[in-house]
Number of protein chains: 2
Amino acid sequence: LFNEQIDQFRAEFLELHPYDQAKIFETQSEKVRMQIYSYLSSEEIADVMENIDIDDIEPFFSEMTPPFAANVLAEMSTDDAVDILNELDKNKVASFLTIMDKEAAGEIKELLHYEEKTAGSIMTTEFVVLNANLTIKEAMRHLRKEAPEAETIYYTYVIDNQKRLVGVLSLRDLIIAEGDWLVSEVMSDRVVSVPVGEDQEEIAQMMRDYDFLALPVVDFQNHLLGIITVDDIMDVMEEEASDDYSKLAGISDVDGPDDSAFTSAKKRLPWLIILLFLGMLTASLIGRFEDTLDQVAILAIFIPLIAGMAGNTGTQALAVAVRGIATGEFEKQGKWKMIGREAGTGLITGTCCGVLITLIVYFWQGDIFLGLLVGISIMATLIVATIAGSLIPILMHRLKVDPAVASGPFITTINDIISILIYFGMATAFMNLLLH
Amino acid sequence: LFNEQIDQFRAEFLELHPYDQAKIFETQSEKVRMQIYSYLSSEEIADVMENIDIDDIEPFFSEMTPPFAANVLAEMSTDDAVDILNELDKNKVASFLTIMDKEAAGEIKELLHYEEKTAGSIMTTEFVVLNANLTIKEAMRHLRKEAPEAETIYYTYVIDNQKRLVGVLSLRDLIIAEGDWLVSEVMSDRVVSVPVGEDQEEIAQMMRDYDFLALPVVDFQNHLLGIITVDDIMDVMEEEASDDYSKLAGISDVDGPDDSAFTSAKKRLPWLIILLFLGMLTASLIGRFEDTLDQVAILAIFIPLIAGMAGNTGTQALAVAVRGIATGEFEKQGKWKMIGREAGTGLITGTCCGVLITLIVYFWQGDIFLGLLVGISIMATLIVATIAGSLIPILMHRLKVDPAVASGPFITTINDIISILIYFGMATAFMNLLLH
């Protein structure tokens, strides 16, 4: 493709958007990648690396020479460099930080302390601050100087002499303002900020609601620590959405369309095996009703219907509850209102489906008692399963258990068990009516 | 709260961010809202309306007097006004457009033509364009003048004399450049644009990948029609994620935590009733194997296990396929590779679970034939259900059928039926071994 024609390759490659550079880079063989490392500067490679998916990046940093890798990390946005270091093993991180230029290493070390998925872990420290006492003219001069390094210049944050955040100034306000006004006169002092430990999902919600392009991050004394920009928040939104989605599907991570069959199986098997054991529990439960089954074998044909309806309604309730918790609506309304509403929903859907199925079974099998048994079972099942579908995630949330446990297939299997108990329990109790 | 104290109310209310204004506004009674309409100007109400959820907005426009409502719409960003008009009934839209100021009505009418969920429907026409022949100084003057009206000024788009899009200039580049340079010298001519009919999900993907804050929309002759800003894209991302999530849960819309039980039931019942009929299909299928069941009643106890495993693995495969289609990974790889990978995954998970369950059933029931029957059924079921879980959404996508049909519970029920056929088919075929 490009044998030794360094200049031509550089000219063509660097014309592209870094995202496209990254796409091309990723598809090259290791041999070609080695050539690319030697053709481009560490700053140019840093742009490429910032656009590679974080899950795929580890091999590239392993194949670079350590000093080159350290330089690339130093040239990257601090927040992106930290994300990458969080993917590498500890020894490698330490060695990179040792050979790296002192200033960059210092900035990175500071951010490495913050817990994953908090404001601290996604913020960048490359931003522009203005002192409240500057004039607009001085502020513009400062901004022009800082622009090449900063992650965004569209919002600048204003601090007082104690470095506390006191205001925000958009570039829009800045270019409209007269040159001799003071920053403190033009800025908005109603600045919204987030504490450094704030959860990233809350921040995404906030930026979306308020249409912010950037958000300042402060410590408990209101000192400005960093800023979070909208491009990082879009990645967070994607990550959180994909996370909720994976949980509902009962799979550890849906985002691997280029996984091999083996990797996919490894991601799904743990779930399937847990569910297999839960399924055995259902089987042994039905086993206890073997006498009932022996007497009225026809009962068996409605097992999948009843278990399936329980699973479906439980998944619906689960989805609503999980979204309610994620969007904070749940906190606002309180758990009782939410559970009460689900109980009401279960009652309505249960009654409708129950009446319908009673009629269908009656006309199909000509047996009103069988119809009533199936109908009442469906009704009771839908009510209980709907409540369980919302109650279980709320409990998990309450107990601070990882809500991944309350995933779709798990709720489905729990509801299978509940529904079988209701159905066979009632069938056994009213056996004499069924045998007539 | 604020009896006739107009000035104080105005001062306090207008200090707030429009999003907070909207939150307060929404919780007021109709009587108080009527007072608010009279206290604030149509421009101030427009800011509030832009921050109200689109699904909740209809009643507010119905309770305003028509001339006031028309003024509010005229003052809003064109794209937001169009979104609202799409929610109202046609007659009302026509009457608002008639009383509205001509210029605003014209802009809105233009956007109303575009199909929902395309670039045209989410773009705004309030943006700044620069002619390529301006100097930087002239461009800055133009920008300052246009700033109050424009949705964003951080990216300005450059057109030639035929109004064709030729470049993009960020405000960052603009403030760094010298005053007497030409716009055409400073701008980037590698401007990325989207056609007006482009799907909104593709656009969201693109803005996220390229970290754009705005994206120009063009017609087939490359004329600049509008721009899409990142705040609208964040709403699109949320909408699409919530859409995928709802589909997987088999519910028309999970985003209604303040719905009543009745509204919730209305959203869920259609699905439950369809699934009820599909469940009856399963029941009648098992009914055909009544003889088999009568002879070996113990077969019934494994029905929920096998059907459940089929449902779970199908949901996993479905989730991966839907995400693959949504992120475009599927187009890249081609359907055969994806289906082949799913078949491999099904084979691995099927073999593992099959061997495990054979052993468990053998030790539990002491019957190796029953163990083998359940084990081989699980294996065959997992392979078929995994393939079905990925094949069905791909087919839907191919046939341009609304993929909502391929939702989680639907796939689960299809896989229930497949699994029951496999299990009872095998049981009937090898009946003599089971009876020994």
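Residues numbered from 1 in each chain as written. Chains lettered and ligands numbered in written order. Predicted model: local features only at pLDDT ≥ 70, side-chain atom pairs only at ≥ 80, totals over all residues. Heavy atoms only, no water.

1. Some words on the overall build of chain A
Here's step 1: Along chain A, the regular secondary structure elements total 23 helices and six strands.
Here's step 2: Whereas a compact globule of 436 residues would reach a radius of gyration of roughly 22 Å, chain A reaches 30 Å, over 25% beyond that.
Here's step 3: Oriented by its inertia axes, the alpha-carbon framework of chain A measures out at about 95 × 60 × 35 Å.
Here's step 4: Counting every position in chain A, which comprises 436 residues, the buried fraction comes to 56%.
Here's step 5: Sequence separation of 24 or more characterises 67% of the internal contacts of chain A that already satisfy a separation of 6 or more.
Here's step 6: If you sum the accessible surface of chain A, you get close to 19,000 Å²; carbon and sulfur atoms cover 55% of it.
Here's step 7: A distance of 5 Å separates the average location of the 30 positive side-chain charges in chain A from that of its 67 negative side-chain charges. (Helix = DSSP H or I, 4+ residues; strand = E, 2+ residues; numbered from the N terminus. Rg over C-alpha atoms; globule rule 2.2 N^0.38 Å. Buried < 20%, exposed > 50% of the residue type's maximum accessible area, 1.4 Å probe, protein only. Contact = heavy atoms within 4.5 Å. Areas by Shrake-Rupley, 256 points an atom, 1.4 Å probe, with all protein chains shown as cover. Lys, Arg positive; Asp, Glu negative; His and termini not counted. Charge placed at Lys NZ, Arg CZ, Asp CG, Glu CD.)

2. What about the interface of chain A and chain B?
Here's step 1: Chain A puts 112 residues into the contact, and the matching count from chain B is 113 residues.
Here's step 2: Inspection of the region where chain A meets chain B yields eight salt bridges.
Here's step 3: The element that contributes the greatest number of residues to the side of chain A that touches chain B is helix α16 (residues 261-287) of chain A, accounting for 19 residues.
Here's step 4: A per-class count over the side of chain A that touches chain B returns 67 nonpolar, 22 polar and 23 charged. (Salt bridge = Lys/Arg side-chain N within 4 Å of Asp/Glu carboxyl O. Nonpolar A, V, L, I, M, F, W, Y, C, P; charged D, E, K, R; others polar.)

3. What about the sheet that holds strand β5 (residues 214-218) of chain A?
All names here are of chain A.
Here's step 1: As summarised here, the arrangement of the three strands in space is β4-β5-β6, forming an open sheet in which the pairing is mixed. Because the sheet does not close on itself, it has two edges, and the strands there are β4 (194-195) and β6 (224-229).
Here's step 2: Bridge count between β5 and β6: five bridges; the pairing is antiparallel. Residue pairing for β6: Val218 is matched across the bridge by Leu224. (Pairing = 2+ DSSP bridges.)

4. Thoughts on the side chain of Asp79 of chain A
Here's step 1: Residue position: Asp79 of chain A is located in helix α7 (residues 78-85).
Here's step 2: Buried charged residue Asp79 of chain A carries no salt bridge. Nearest counter-charge: Arg172 of chain B, at 12 Å.
Here's step 3: With residues up to four places along the chain from it excluded, the contact list for Asp79 of chain A reads Leu111, Ile122, Met123, Thr124, Glu151 and Asp232 of chain A.

5. Examining helix α9 (residues 102-112) of chain A
All names here are of chain A.
Here's step 1: Regarding α9, the residues found buried are Ala104, Ala105, Ile108 and Leu111. Taken around the axis of α9, the buried residues stretch over an arc of 130°, which confines them to a single face. Turned more than 90 degrees off the buried face of α9, the exposed positions are Lys102, Glu103 and Glu110.
Here's step 2: The residue sitting at the N-terminus of α9 and contributing the capping side-chain oxygen is Asp101; that oxygen lies 2.9 Å from the backbone nitrogen of Glu103. (Arc of directions from axis to C-beta. Polar contact = N/O pair within 3.5 Å; in protein donor to acceptor, adjacent residues only side chain to side chain.)

6. So, a negative patch on the surface
Residue and element names in this part refer to chain A.
Here's step 1: Negative charge collects at one region of the surface, where Asp53, Asp55, Asp56, Asp83, Glu87, Glu115 and Glu116 lie side by side.
Here's step 2: For Asp83, the position within the fold is in helix α7.
Here's step 3: Of the residues examined, Asp83 reaches a relative accessible area of 31% and is grouped as partly exposed. (Patch = residues over 30% accessible without salt bridge, like charges linked within 9 Å, V, L, I, M, F, W, Y side chains within 5 Å.)

7. Some points on the nonpolar core
Here's step 1: Met49, Phe61 and Leu171 of chain A together with Met49, Phe61 and Leu171 of chain B are the most contacted members of the largest nonpolar core, which totals 166 residues.
Here's step 2: If you look at the next biggest cluster of nonpolar residues, it comprises 74 residues, including Leu382 and Phe424 of chain A together with Leu269 and Val361 of chain B. (Core = buried A, V, L, I, M, F, W, Y, C linked by side-chain atoms within 4.5 Å.)

8. Side note on the pattern of salt bridges
Here's step 1: In total, this model carries 22 salt bridges over all chains according to the counting rule given.
Here's step 2: One connected set of salt bridges, linked through shared partners, spans Arg208 of chain A together with Asp235 and Glu238 of chain B.

9. Some details on the packing of aromatic side chains
Here's step 1: Enumeration according to the criterion identifies 23 aromatic pairs over all chains in this entry.
Here's step 2: When the centroid spacing of 5.8 Å and the interplanar angle of 55° are considered together, the rings of Phe25 of chain B and Tyr37 of chain B count as tilted. Pair noted here: Phe25 of chain B is in helix α2 (residues 18-26) and Tyr37 of chain B is in helix α3 (residues 30-39), with a separation of 12 residues, a long-range link.
Here's step 3: For Tyr37 of chain B, a relative accessible area of 7% corresponds to the buried category.
Here's step 4: Three or more aromatic residues joined by ring pairs make a cluster, and in this case those are Phe25, Tyr37, Phe60 and Phe68 of chain A. (Phe/Tyr/Trp six-rings, centres within 6.5 Å; stacked < 30°, edge-to-face > 60°.)

10. Side note on the environment of Lys90 of chain A
Here's step 1: When you line up the elements, Lys90 of chain A lands in helix α8 (residues 90-99).
Here's step 2: In sequence terms Lys90 of chain A and Arg144 of chain A are 54 residues apart; their C-alpha atoms lie 38 Å from each other.

11. Description of the relation of the copies chain A and chain B
The relation between the two copies of this chain is a rotation about an axis and a shift parallel to it.
Here's step 1: For the pair chain A and chain B, the relating rotation is 180°, the translation along its axis is 0.1 Å, and the fit reaches an RMSD of 0.3 Å. This pairing of chains is accounted for by a two-fold axis.
Here's step 2: A shared binding surface is used by both copies, with 100% of the interface residues of chain A retained as interface residues in chain B. (Least-squares fit on C-alpha atoms with pLDDT ≥ 70 in both.)

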